Structure formats: C-alpha cells, structure tokens
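Take a look at the letters that make up each chain.
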Protein chains: 2
Amino acid sequence: MSRDEKIASILDEVLSRITPSDEEEMGMERVAKRLLERIDGFYDEYGVRGMLVGSAARKTWISGEHDIDLFILFPESTGRERLEDVGLLIAGSVLSDAERIEERYAEHPYLHGVVEGYGVDVVPCFDIRDASRIKSAVDRTPHHNNFVREEIAGLEGEVRLTKQFLKRARIYGSELKIHGFSGYLSELLIIHFKSFMNLIRDAGNWRPGKVIDIKGHGTHRHESPLVVVDPTDPGRNVAAALSLDNMCRFIDSARAFLDDPRIECFFKQERSPIGVREIKEILHRRGSTLIGIQFIAPDIVDDLLYPQLEKMERSINRLFEMHDFRVINTGSIVSERNVYIICELFDRELPAVKKHIGPPVWERTDAKRFKSKYQGKETLSHIYIKNGRYVVEIKRRHRRPTSLLQEELPRCGLGKDLRDTIREERFQIQSQEELLTTEDRTVRRFIHELLTHNDP
Amino acid sequence: MSRDEKIASILDEVLSRITPSDEEEMGMERVAKRLLERIDGFYDEYGVRGMLVGSAARKTWISGEHDIDLFILFPESTGRERLEDVGLLIAGSVLSDAERIEERYAEHPYLHGVVEGYGVDVVPCFDIRDASRIKSAVDRTPHHNNFVREEIAGLEGEVRLTKQFLKRARIYGSELKIHGFSGYLSELLIIHFKSFMNLIRDAGNWRPGKVIDIKGHGTHRHESPLVVVDPTDPGRNVAAALSLDNMCRFIDSARAFLDDPRIECFFKQERSPIGVREIKEILHRRGSTLIGIQFIAPDIVDDLLYPQLEKMERSINRLFEMHDFRVINTGSIVSERNVYIICELFDRELPAVKKHIGPPVWERTDAKRFKSKYQGKETLSHIYIKNGRYVVEIKRRHRRPTSLLQEELPRCGLGKDLRDTIREERFQIQSQEELLTTEDRTVRRFIHELLTHNDP
C-alpha cells in the first residue's frame, strides 16, 4: 500500500466514525426545523426571523454532537433593551417544552435548554446588513453562517476531519480554557485550502506571522501568531484566540501525521487508569517534589474562571521564584468544582541562609540606615561588602514551599473572583503525600500528565 | 573625655606601638648606609649611584618591619642588557655577606637577600630625569622617592597611622593578592590631606570616580574607582590597583572609626582558634553545604598565582551556575603551597530532571533533528511545546557537585600555570566532611570567615 493509499484509508476510517448517519441528521433537522418555525411565528408581532446557525446549519458537525444554535434576528432599528426583553420572551416560548432551561450571557442574555436530547441555544441578535458595522459580537454570526453555507457545499467531510484532528490535539475551541481553533475557523481553513490534506501539508510550514486572507481584503495588522482575516469583516482576525503554543501544536501534529499517518492522530488510545505507585515511581526518577493548592471554584463561567486560574498560576510562579524556589512544571485542573493548582519544584527545603543585598557603600545615608538595621541583630553573617554594596546574610523566612504559600498567597495578585477565596484563606495547601493519595482520578491523571507531558 | 580627646588618645596609643624606637631606626640606618656605600663604590667603573628608597628612606615604616630597598641608578645611555648584567653583578657584590640570596623579577631581574635580619632588595634601574619618559616601571621609583622625601617631613606619623589602619582592614598592598593601597599611595594621601584624621573624614564621603590630583596636572581619564594622579607623571593613576570593594572597605572603615573610635580599628583582637564543632554548628544554622578543590600551587610568584586563582574561582562559579547549582559564597586560600578553593552551595543534590529547551517549532529542519534525537530515547518526559519551542525533560548528568567538578573542571577556562595541574587531574575534591576535619588551622579559620564574613 502506498503512502497516499494509506492516508486515504485512514481518512475513510475516520470519516466513517465521525460522519452522522442519515437517521442522526434527520433527527437533528427535524428538531431544528420545529424550533425555527416557532421563532418565525413571532414575525408578524416583532418583525423577527429565525436562523439555524453553527455546525448544524452547515452540516459540519461530528456524529454524537447534539448542539443546535438558533438565532433570533431583530430588525436593526430595534432598541437594545427591547431586543433583550423580547428576545428572552421569544426564546422562552421556543424552549417551552425544554428541560433544564438556563439564562446565559454573551453580550446579550440568551437561553439554553435541552430538547429531545439536543442542547439548544436561542440567541437574540440584530440583523445588520454590513458585518463590519455590527452592534454586538453575536450579530456577526448570521454573516458567518451565510458565508460558510455558500462556500462549504461538498467540503463538509474535510471540515469534520479537521475538527476531529484538532480535538485529538486538544486545540479545538476558541474559549479561554482552550485558546484553540473555533469551528468557524476550521471551516474557513477548509474553504481556503479545499481539503484536510492540503491544510495539513501547508500547516507543516507555518510560522508565527502567517496570514490567510481568503478574500484578499484584510485592512489591519494583527499581532497574533496566526491571522485569518474574516471574509465578512476585513478588520477582524478569526484566529485571534489561538495561542502561539496551540498554533505550534497544530504545526507539530500536522507534520507528525505526514511523517507517520496513523489513526491515533485522530483518536485517543484507550488509557488505563494511573496508579499511585506509578506516579511515585515517576517522582522518584525525577527527584523533584510536588505541592498543590486546592479550593472550591467560584460560581462563574469558564471564560471568567480560566483566565483567573492562569493569572494565579503566574502569580504562584513569581512567588516561588522571588523566594528562591525553582519551578519545573505548573498546571491547574478543575475537577467537579474542585480547583487544583499543582507545582513541581526543585526543592523540598531551602537552606536557611539568604543573601540580603543592601545599598552601595558610597550612599552614606542609605548605608547608615542599612548598617543600623542589621548591626548587632541576629543575622547569619557580619555585614560585608561585595561589588560596592553592603551585603548581609539573614535567615530566610520560608524554607518550605508550604509555609511560603500559606503566608504569601493571600497577598498575591489574583483575579477578582478568586481574590476572596484566597484572602479569606478558603484554600488548602496539599502536600505531595496528600496529592498522591487523592481518590480523584482526574487529578491523578493530571499529575501524571504534568510530570510526563505524555501524549495529550 | 570629649570625642576629640578620645581620638587623640587612641592615635597616641597606636603611634606608641607602631613608631620604631631610636635604636630600631639607627640599626636600619646603619645597615642601609653600609650597603649604599658598596653601590657607590662602583661609580668610577660604571657611573652608577645608589639610592635608598621605600619606607626606610622616608622614615614611614612601621616598627617591626625590616625591609631595605636599594636602587642602583645607571646612566640613561646604558644599554638594557648591560644594565641587567652589571646590575646583577653589583647587587651580588652588595649582598656578598647576605643569607638566602634569590634572583627575583620585576621588569629586570634583581636580587633579594637577608642582611643582619633585614630583607634587602637591590634593584637596578635607569636614572631618567623626566618620570613620564621612563624606560621601565622601576625607573619611576627614584622619582617617587624624591617627591615624597621633599614633602613628607613632619608627616611620618600620619603615614604610619594610615598604613596601620589599612593593614587592619586588610587592604594594604597593591599586589594582585590584595588589590589594595600601596605604601606610596598612603604617603600621597597624607601629603594631600596633611593628616590621618583629615583623610578619614574625607574618605567617609568618597564615591567611585573620586579624583585626587595633588599637583593639578592630570592628563588622562581613568576608569578606576579611585584616581590619585602621580605627582611625578601626570598620565598615571597611583591607585590603579585598588579594587572597588577595597575602596569601599576603606570608606566603610573610615566611617566606622569616626562613628565609634576604638583601638580595634587599628589592631586585630586576639582570636581563639576555631573548632570543628563551631563550624559544624554554623553550617547547620545556615543549612548550606561546602565543597572544596585542593591542589599544590605551581611554583610561581604571588602576582602570577593570585590572578589565576581568581580566574579559577570565576570559572567554578560559572560551572556551578550552568549546571543549576546555586553558589552562596566562594573563596580561595593558599596555606603552605596547598591551594584550597572552597564553595558554599545551596544544594547537596539536585533533582534528576533537567529541562532541555529545543528549537522553535516553526524551524522545520531544526525541529526534525531535535525530535529524531529525543523521540523514543530514555527521557523523563515526552517532547512538548512551550513558548513556541520544543522542550524535553532529561536526566541531568551531574546531580552532585562532586561529580560535576571531577568531570568538568579540567575543561574549564584556567590560567596557564594552573591548567596542567587541573587537566592532569592533580587535584582533589574535598567533601564537606573532609574540609571540616582538616588539621590546617589556616584553612579552618578561612572556612569560618567564608561563612560568617566576620570582622577581617
């Protein structure tokens, strides 16, 4: 079998697993159509019309996904307040027979509910002719929808392959938890490159600064590593949410598939659970030490929570560095509202001695202050002179990471929703022993990944 | 007793201890005169004349010192080779009844010998009228001698106080072992400031960049922290050998004496010997660890040896840092030709794991080389991506400082005379235990100082 034949057979196999069956498609269409008609029933009263958007509308969804995104398009002249009030009213009526209805927020409030097993979003927006003059971010969606529907016919399978490939690499999704490729971005890439394999071959040569401009109409310079100009808005970068590392992971995964095409590039292998002993052996081989901070996540959406966890991780890293602890790896995981921030460190304990660098000797006033502060005090050395400055060796306050975190974490820079939790000391320092004996398999697997960076 | 009275009484006490007695002075003069006459005996044959130089000539020596510096001044027209040949011949004759005669080298060879308990240098030089046009560095000495003799009368005691003060602070001597104040520099400072107390009061306000130009004739800018323009040569800085830290130590000692005038600012207190247990307790309090390198010093003069020891210390520091060992203090000591370089470290042992940062993901050729080098190899992590680069965690080669030094020291940058000793592995790594159980009291005291920076 030639390499091309091998690739073709893998892609066939992948498609056969991820393409929805006719029944699955018809089921989705039937529900979508019924809900859409409910929106259109409000046309006479409010001038609104319904639009099915997202992967359901483009037929680029992957078998097993059951998401339906419905937009209620209001005339541009509608007031914002009226749109919100009437929008929720219509959405409530559309979801009248749904389970688990929730009010959610993008720029406007919208409703989410479950209908016949489908997760349905009903989102009000303004119907604005020119996508570059929208009033709110969600107003773009109908334009995206129109553009993709016109261009995508015949390429749905290629989009599905792309999405599945991105999911496997854990870089699918533009939300702040992921910093990856959105569904719309995946579709645009396929519209541009025409096939999954063309995309993959091209991606192998990408570098930061790569620009893809399907319509050749881009107007702005962007700082993002990848720029994909929105065909419906020349000033906007559809790939703005993609992080440098996730762009690189895509480049790397693309090359890996080209070098050695395997079905595992699309699907995770079954993984056996990770035992405590296995992690202990890994730690022993590495000779490092673990410490964790655990607390209950505040009740906020992921797009608020994850950036604050990243900020907290950075603060903890800085805290460790400032106090001479060397960090090897850090990461955070949320498991059932339990947040764990876990750090792998060089040192279980630091020496007591710490150099304190004082002022230059020739700054007489500062010098006097420094000397009178430390002379005759309980220090670990006399005051001495090095590189023109006074130096004294003192007892370090925190020899162990536990004591450092317990005392200093509440004074760190933290996001607004985590600040109270930490300031009020509603957090637990978890020793290595405590982390290893956790019953939570998600946490155990996360620790394993943090230490081994094994195939995600 | 007022502060001024207290200072006056301390200085009186110091002077009474350091001023040579009349007998001592007469003894020195008698020997110097006799040897000088021997040089003058060669005037008819070679046109040479003798000159007594140095502190003996200026009567600025400190009781107990027994050094006599004699110069043989040759006419400027003499050839260099002839000066060297005849110079040694005359010197040999001058020292005909001396003990332990050695040939030593400055820019010319000269002789050193011991006559009636006095250490005598007999140095040939050219007699050059204009000090800025000298042929060799030693030719300056007669000019210095003339200048100081004309200016110093009545200030000899002030010079002695200055020298004793500098000795106590361990910053007396311009040799490369010390990087301090030469005798000539001390004399110039007193000629400029007229008294020890004036000097001390002024020094409290010195900062790097301080310039003292007695004759106001300086012609060059110098980078040195202290510039004292040579009254006999406007282009030369007499304080060129003084290091920043030793200048700062002088500033600091001067202020300390002004703040709290004490006889101990001139004389060391008796110190009891340092016990092993004392050092062990200090190390325990500090929580740090010691390691040393010991070898036999090559047979070279101090001015060649000490700069090479400093270079070796810097190389060892760099080596430790490159391999993630953190150095707290380092120093070197020569005790009876045994050289010890001793380092105080953070870590007795490092974790096995070491991050190896690879190329940026987008550099496809480098990326391929990196991945094929590490993929499937025995590493401590899978290859992963961070900040746009590949990273892999591998086993560090040296977890202990002993293994690092044993293997890498011979590859370090070393001065030419230490290179062979180290390359041929004629050195010993000394563990903390070995260092602490040394019988050598000098080494033990040195370790104590390295750890405590106690009053030098």
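Described in the following lines is the structure provided in the data block. (Residues numbered from 1 in each chain as written. Chains lettered and ligands numbered in written order. Predicted model: local features only at pLDDT ≥ 70, side-chain atom pairs only at ≥ 80, totals over all residues. Heavy atoms only, no water.)

## What about the packing of helix H6 (residues 140–151) of chain A against helix H8 (residues 183–193) of chain A?
Residue and element names in this part refer to chain A. The condition is simple: For helices, the axis comes from a line fit to the C-alpha atoms of the stretch in contact; other axes are also lines fit to C-alpha atoms, and the angle between any two N-to-C directions lies between 0 and 180 degrees. Under the scheme used here, helices are H or I runs from DSSP no shorter than 4 residues and strands are E runs no shorter than 2 residues, and both carry numbers assigned from the N terminus. Two helices that cross are described as forming a left-handed crossing if the nearer one is turned anticlockwise from the farther one by less than a right angle, and a right-handed crossing if clockwise. In what follows, residue pairs with any heavy atoms lying within 4.5 Å of each other are defined as contacts. Think of it as three bins: nonpolar holds Ala, Val, Leu, Ile, Met, Phe, Trp, Tyr, Cys and Pro, charged holds Asp, Glu, Lys and Arg, and polar takes everything else, Gly as well.
Contact geometry of H6 with H8 gives a least axis separation of 11 Å together with a crossing angle of 35°. Judged by the sense of rotation from one axis to the other, the crossing of H6 with H8 is left-handed. Contacts between H6 and H8 involve His144, Phe147, Val148 and Glu151 from the first element and Tyr184, Glu187, Leu188 and Ile191 from the second. Residues of the contact of H6 with H8, tallied by class, amount to five nonpolar, one polar and two charged.

## Notes on the packing of helix H7 (residues 156–168) of chain A against helix H9 (residues 196–203) of chain A
All names here are of chain A. Definition in use: Roughly parallel here means an angle under 35 degrees, roughly antiparallel means over 145, roughly perpendicular means 65 to 115, and every remaining angle is called oblique.
Running from N to C, H7 and H9 cross one another at 45°; their axes reach a closest spacing of 8 Å. In terms of their interaxial angle, H7 and H9 are classed as oblique. For the pair H7 and H9, the contacting residues are Glu158, Leu161, Thr162 and Phe165 in the first and Phe196, Met197, Leu199 and Ile200 in the second. Within the contact of H7 with H9, the residues separate by chemical class into six nonpolar, one polar and one charged.

## Considering the interface of chain B and chain A
To keep things clear, this is the line we draw: Defined in terms of a 1.4 Å probe, buried area is the accessible area two parts forfeit on being brought together, summed over both. For this analysis, a salt bridge means a side-chain nitrogen from Lys or Arg found within 4 Å of a carboxyl oxygen belonging to Asp or Glu. Definition of a polar contact: a pair of N or O atoms within 3.5 Å, with one able to donate and the other able to accept a hydrogen when the atoms are protein atoms, and with sequence-neighbouring residues admitted only if both atoms are side-chain atoms.
Listed per partner, the contact involves 52 residues of chain B and 52 residues of chain A. Summing the contributions of chain B and of chain A, the shared interface buries around 4400 Å²; its carbon and sulfur component is 51%. When the area that chain B buries against chain A is broken down by residue, the three leading residues are Arg286, Trp362 and Arg364 of chain B, summing to 15%. One can count eight salt bridges joining chain B with chain A. One salt bridge in this structure joins Arg326 of chain A and Asp347 of chain B, with 3.4 Å as the shortest N-O distance. The interface formed by chain B and chain A holds 38 residue pairs in polar contact (both at pLDDT 80 or more) in total. Contributions of two or more residues to the side of chain B that touches chain A are made by helix H10 (244–259), helix H11 (276–286), strand E10 (327–335), strand E12 (353–360), helix H13 (364–374), strand E13 (384–386), strand E14 (389–395) and helix H17 (441–452) of chain B. Ranked by the residues each element gives to the side of chain B that touches chain A, the list is headed by H10 of chain B, at eight residues. Across the side of chain B that touches chain A, the residue classes tally to 20 nonpolar, 12 polar and 20 charged.

## Section: the pairing of strand E11 (residues 338–345) of chain B
Residue and element names in this part refer to chain B. As a reminder, the rule being used: Think of it in three bands: with a 1.4 Å probe and only protein chains considered, a residue is buried below 20% of the maximum accessible area for its type, exposed above 50%, and partly exposed in between. We treat two strands as partners when DSSP finds at least two bridges between them.
Most of E11 sits out of view: seven of its eight residues are buried. Sheet topology places strand E9 (residues 289–296) next to E11; eight bridges connect them, and they run antiparallel. Bridge pairing in E11 links Ile291 to Cys343. The turn joining E10 and E11, which pair antiparallel and follow one another in sequence, is formed by two residues; a positive phi near 55° is taken by Glu336.

## Things to note about the pattern of salt bridges
This structure, assessed with the given rule, holds 64 salt bridges over all chains. Glu29 of chain A serves as the salt-bridge partner of Lys59 of chain A, at 2.9 Å between the closest nitrogen and oxygen. Here the residue Lys59 of chain A occupies a position in the loop between helix H4 (54–58) and strand E2 (67–75), and Glu29 of chain A occupies one in helix H2 (residues 22–40), the gap between them amounting to 30 residues. The partner of Arg38 of chain B in a salt bridge is Asp97 of chain B, and the shortest N-O contact between them spans 3.1 Å. Within this pair, whereas Arg38 of chain B is found in helix H2 (residues 22–40), its partner Asp97 of chain B is found in the loop between helix H5 (80–94) and strand E3 (99–105), the two being separated by 59 residues in sequence. Taken together, the shared-partner salt bridges connect Arg30, Arg34, Arg38, Asp97 and Glu116 of chain A into one network.

## Structural notes on the packing of aromatic side chains
The condition that has to hold: Pairing of aromatic side chains here covers Phe, Tyr and the six-membered ring of Trp, requires ring centres within 6.5 Å, and sorts the geometry by plane angle: under 30 degrees stacked, over 60 edge-to-face, intermediate tilted. Cation placement over rings: the criterion is NZ of Lys or CZ of Arg within 6 Å of the ring centroid and within 35° of the ring normal.
Under the defined criterion, the tally for this structure stands at 27 aromatic pairs over all chains. Relative to Phe250 of chain A, the ring of Trp206 of chain A has its centre 5.6 Å away and its plane inclined at 55°; by these criteria the two rings are tilted. Here Trp206 of chain A, found in the loop between H9 and strand E6 (210–212), pairs with Phe250 of chain A, found in helix H10 (residues 244–259); they are 44 residues apart in sequence, far enough to count as distant. Given the relative accessible area of 1%, Phe250 of chain A is considered buried. Summarising the aromatic geometry, the rings of Phe370 of chain B and Tyr374 of chain B are spaced 5.0 Å apart at their centres and angled 50° between planes, so their arrangement reads as tilted. You can see Phe370 of chain B and its partner Tyr374 of chain B sitting in helix H13, four residues apart, about one turn around the helix. For Phe370 of chain B, a relative accessible area of 7% gives the class buried. A connected cluster of aromatic rings, assembled from ring pairs, spans Phe165, Phe181, Phe193, Phe196, Trp206, Phe250, Phe257 and Phe266 of chain B. The ring of Phe126 of chain A carries Lys135 of chain A above its face, with NZ or CZ at 4.4 Å from the centroid. The ring of Phe267 of chain B is capped by Arg17 of chain B, whose NZ or CZ atom sits 4.2 Å from the centre of that ring.

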